[in-house]
Amino acid sequence: MLDAYLKQEAERQKLGIPPLPLNPEETAEVCRLLESPPAGKEEFLLDLIKNRVPPGVDPAAEVKAAWLAKVVRGEAASPLVSKKDAVFLLGTMLGGYNVGPLVDLLDNPALAPDAAEALKHTILVYGAFDSIVEKSKANPHAKSVLESWANGDW
């Protein structure tokens, strides 16, 4: 998959256009490779997961968000992506499939501050808003998210 992607990237570069974003199958392969990265491909794989998966509700974003959620829950591991890194990457996805895992993380004492920070900059939360409002009654991290949104800090 990596060789095919690099070939496609080179062909598009010759045409003066950027590489295509990863599709769901390619994203799944990148996630798999991140769990046991081939030597010398570490930075390339990180760049792919960070910059070549469309944000929001794209099918590839769903794959990315699901894998990152597994990392934060300890169901998957990568020598290149820590739990804290995974929360950060979830926060860069703009809304959609990343929101549920971030809302859940508001209850994780170790990662709640990072999840709150990510959510403060995510405005496309759809129905999760109500969950955050409910959590804010007893969760200071959820409350800080609502206050940030109310202040328009994004």
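Heads up: the structure comes first, above all this text.
Each value, and the rule that gives it
- Residues numbered from 1 in each chain as written.
- Predicted model: local features only at pLDDT ≥ 70, side-chain atom pairs only at ≥ 80, totals over all residues.
- Heavy atoms only, no water.
- Helix = DSSP H or I, 4+ residues; strand = E, 2+ residues; numbered from the N terminus.
- Buried < 20%, exposed > 50% of the residue type's maximum accessible area, 1.4 Å probe, protein only.
- Contact = heavy atoms within 4.5 Å.
- Phe/Tyr/Trp six-rings, centres within 6.5 Å; stacked < 30°, edge-to-face > 60°.

Caption draft 1: The arrangement of the side chain of Ser148 in detail. If you trace the backbone, Ser148 turns up in helix 9 (residues 140-151). A residue is classified by how much of its surface remains accessible, and Ser148, at 6% relative accessible area, is buried. Residue contacts for Ser148: discarding those within four places in its chain leaves Lys120 and Asp153.

Caption draft 2: How the structure looks around unusual backbone geometry. Positive phi outside glycine occurs at Leu94, with the angle close to 75°. By the element assignment, Leu94 lies in the loop between helix 5 (83-91) and helix 6 (99-105). Phi at Tyr126 takes a positive value of approximately 50°, unusual for a residue other than glycine. In this structure, Tyr126 sits in the loop between helix 7 (112-120) and helix 8 (128-136). Take Tyr126: its relative accessible area is 57%, and that puts it in the exposed class.

Caption draft 3: Geometry of the side chain of Ser136. If you trace the backbone, Ser136 turns up in helix 8. Taking the relative accessible area as the measure of exposure, Ser136 reaches 17% and is therefore buried.

Caption draft 4: Up close: the packing of aromatic side chains. Scanning the model with the defined rule gives two aromatic pairs in all. Geometrically, the ring pair formed by Tyr5 and Phe44 is tilted, given 6.5 Å between the ring centres and 50° between the ring planes. With a gap of 39 residues between them, Tyr5 in helix 1 (residues 2-14) and Phe44 in helix 3 (residues 42-51) connect regions that are remote in the sequence. We classify Phe44 as buried; its relative accessible area is 18%. Ring geometry for Phe129 against Trp149: centres 6.0 Å apart, planes inclined by 25°, an arrangement best described as stacked. Placement of the pair is Phe129 in helix 8 and Trp149 in helix 9, with a sequence separation of 20 residues. Residue Phe129 is classed as partly exposed on the basis of its relative accessible area, which comes to 39%. Owing to a relative accessible area of 11%, Trp149 belongs among the buried residues under this scheme.

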